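# Geometric and topological summary
This is what each chain is made of:
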Amino acid sequence: MDKSVIKKIRDIVGNKNVLTSREDLVCYAYDASGIESLPDIVVFPGSAAEISAIVQLANRFNFPLFPRGAGSGNVGGAVPLGGGVVIALSCLDKIIEIDVENQYAVVEPGVITGEFQKAVSGKGLYYPPDPASLNFCTIGGNVATGAGGPRAVKYGVTYNYVLGLEVVLPTGEIINTGRKTVKGVVGYDLTSLFIGSEGTLGIITKIILRLIPKPEKKATLLVLFDNIGKCVGAVGEILKSHTLPSAIEFIDRNTIRAVESRFKMGFPENVEAILLIEVDGDSEIVELIKGKLVSVCKNYRAIKIDVALKEDEQEELWKVRRSIAPALLSLKPSKINEDVCVPRNRIPDLVMELERISAKYAVPVASFGHAGDGNLHVNFLLDRANTDELVRAERATQELFDVVLKLGGTLSGEHGIGIAKSPFMSMEVGDTGLKVMKSIKKALDPNNIMNPGKIFEPNWAFFRKSKNLTANSATRT
Ligand SMILES: Cc1cc2nc3c(=O)[nH]c(=O)nc-3n(C[C@H](O)[C@H](O)[C@H](O)COP(=O)(O)OP(=O)(O)OC[C@H]3O[C@@H](n4cnc5c(N)ncnc54)[C@H](O)[C@@H]3O)c2cc1C
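Residues numbered from 1 in each chain as written. Predicted model: local features only at pLDDT ≥ 70, side-chain atom pairs only at ≥ 80, totals over all residues.

## Focus: the packing of helix α8 (residues 228-240) against helix α13 (residues 347-361)
- The N-to-C vectors of α8 and α13 enclose an angle of 155°; their axes lie 10 Å apart at closest approach. Classed by the angle they form, the pair α8 and α13 counts as roughly antiparallel. In terms of crossing hand, the pair formed by α8 and α13 is right-handed. For the pair α8 and α13, contact is made by I228, V232 and V235 and by I347, P348 and V351, respectively.
- For the contact of α8 with α13, a count of residues per class yields six nonpolar, no polar and no charged. (Axes fitted to C-alpha atoms, helices over the stretch in contact; angles between N-to-C directions. Helix = DSSP H or I, 4+ residues; strand = E, 2+ residues; numbered from the N terminus. Parallel < 35°, antiparallel > 145°, perpendicular 65-115°, else oblique. Left-handed = near helix turned anticlockwise from the far one by under 90°. Contact = placed C-beta atoms within 7 Å. Nonpolar A, V, L, I, M, F, W, Y, C, P; charged D, E, K, R; others polar.)

Laid out in structure tokens, this is it:
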């Protein structure tokens, strides 16, 4: 990048807020997808006004900008493809306001999700979206990807909690969308347009979030089955039972074997599927629902049911879920991880189809995830050094996407498209859908300076590279 332009950027944000040395740049070259590309510089702006000034420079001197939260994205969204300027939002990390009476908060994008949850919890309020990465990902990244988590089954995802935004547009103008009120229907819903836009339509600099009262009590159930049919049967029955758990997590046989062999949790050998269920609410209701769930699981011949009512015991039960990512890579050195989502009553069909695809391409599959909302993390396990295996795994992935769409599902429940899934985008949204999205992008970002190379440009080379995970990068859901 031209030195005179870098000087202009330094003049905007101050010298100490610009990184240019190679060892610094390397830290901002990748995200959790494993895709890498070195930026020219990394900038830490301290306000929307500074970002706006940089965006105006980018239009004038034609260089790309790449917004970045914590870099925990799974699809390469924050990777600075081809170089350019990374806009690191970690300095914009203030919780500006928590309004207890009106139950909303205003935050800057760099606030860590888990820290925000603790802050509102201290005031008797609750912010439910709970990506497994909540201890390090940012609210800005969550909004830009439309992140979700296990609690989506009862509480929904990030989309359901964003009331309004401040965004620096790709022209440098600053827009405020939405509102602080519970209701509001003035004009187009521009807030929703920016949620899940993966940094391609602007840089989010302020977020108004809806809060709800904190549930009084929680119960966690760990349920073991010796047959996957019984397990998915129980899920179907739970969903029909009006109990509305806050999480229903599913773990399949291969995943259990991996966790057992790596962490020796003591599961019996005949366990074929596990459900991890959480209920919350008023104490009496939790007690009542817990009883109903235990009886449904018994009807479906669960072989063991553990119930935890205290926080430390609940954490113990969740350990199996949190051990999955590192455990899977002890079976094979690499995996292709897709976060497909189907209507939840089609989960049994998806699970059966996975077994068929795995057998057809001779690639082991391990799946787990959010059975309560139909979002499964499907992992094809492979050794990347084995080219034949790699090709079979890629074919299996494509067939998986075909199956998911036939079942009425979607290619990504929560991770988004970024670079890694861009080759498959048109399969779901079609040519017209793609054309409309591209024209929105063009209208807002005529010079294509905002996170170029993402979503719309199918890139098979990066699809392959992004799956090149090793045991040292076991950080994916
Ligand atoms: C171990 C692990 C577990 C995970 N579990 C989950 C899960 O349960 N659910 C889930 O949904 N995801 C999960 N993820 C994926 C990831 O954490 C989420 O996508 C998260 O929302 C990304 O936040 P981030 O701050 O790291 O954003 P980044 O990775 O830095 O960026 C993600 C995208 O958002 C854009 N962006 C970031 N900040 C802004 C901003 N202020 N303005 C405009 N664009 C911006 C970037 O350009 C990029 O396109 C997991 C990842 C890991 C590594």
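## Description of the site of the ligand
- By nearness alone, 38 residues border the ligand, and G69, G73, G77, G141 and G199 come closest of all.
- No other element matches the five residues that helix α5 (residues 139-145) contributes to the shell around the ligand.
- Taken together, the residues of the shell around the ligand break down into 14 nonpolar, 19 polar and five charged. (Near = placed C-beta within 6 Å.)

## Some details on the pairing of strand β10 (residues 203-210)
- The buried fraction of β10 is high, at six of eight residues.
- Strand direction decides the pairing type here: strand β6 (residues 104-107) and β10, joined by four bridges, are antiparallel. Residue pairing in the sheet places V107 in a bridge with I207 of β10.
- With six bridges connecting them, strand β8 (residues 162-168) and β10 associate as antiparallel partners. (Buried ≥ 20, exposed ≤ 12 C-beta atoms within 10 Å, placed from the backbone. Pairing = 2+ DSSP bridges.)

## So, the sheet that holds β6
- Overall, antiparallel pairing links the five strands, which are arranged β5-β6-β10-β8-β9 in an open sheet. At either end of the open sheet lies a strand with only one pairing partner, and these are β5 (95-99) and β9 (174-178). Geometrically, the sheet is characterised by an average inter-axis angle of 10° between neighbouring strands, direction not taken into account.
- In terms of strand pairing, β5 meets β6 through four bridges, oriented antiparallel. By the bridge assignment, D99 is partnered in β6 with Y104.
- On the sheet, helix α3 (residues 48-61) packs against β8, β9 and β10 and is oriented at approximately 50° with respect to β8.
- Strand contacts of helix α4 (residues 113-121): β5 and β6, with the helix running at about 35° to β5, the strand carrying the most contacts.

## Here we look at the pairing of strand β14 (residues 273-281)
- Most of β14 sits out of view: eight of its nine residues are buried.
- Direction of pairing for strand β12 (residues 217-225) relative to β14: antiparallel, over a ladder of nine bridges. Bridge pairing in β14 places K218 opposite D280.
- In this sheet, β14 lies alongside strand β13 (residues 247-252) in antiparallel orientation, the contact comprising six bridges. Bridge pairing in β14 places F250 opposite L275.

## Describing the domain arrangement of the protein chain
- Split into domains, the protein chain comes out as domain 1 (3-90), domain 2 (95-213), domain 3 (217-324) and domain 4 (329-477).
- Computed over C-alpha atoms, the centres of domain 1 and domain 3 are 43 Å apart. (Domains from an automatic or database assignment.)

## Structural notes on the sheet that holds strand β16 (residues 334-338)
- Strand order in this open sheet of seven strands is β15-β12-β14-β13-β17-β18-β16, and the pairing throughout is antiparallel. Since the sheet does not close on itself, it has two edges, and those belong to β15 (304-308) and β16, each with one partner. On average, each strand axis in the sheet is tilted by 15° relative to the strand beside it, whichever way the strands run.
- Both β12 and β15 contribute to a ladder of five bridges, which runs antiparallel. Residue pairing for β15: L221 is matched across the bridge by V307.
- In the packing of α8 onto the sheet, contacts are made with β12, β13 and β14, and the angle to β14 comes to roughly 20°.

## Considering the nonpolar core
- By size, the foremost hydrophobic cluster in this structure holds 68 residues, and its most contacted members are V223, V235, I274, L275 and I277.
- Beyond its immediate sequence surroundings of up to four residues, I274 is in contact with L222, V223, L224, I251, I256 and V320.
- Within the second largest apolar cluster, 58 residues are counted, among which are A78, V168, I204 and I419. (Core = buried A, V, L, I, M, F, W, Y, C linked by C-beta atoms within 7 Å.)

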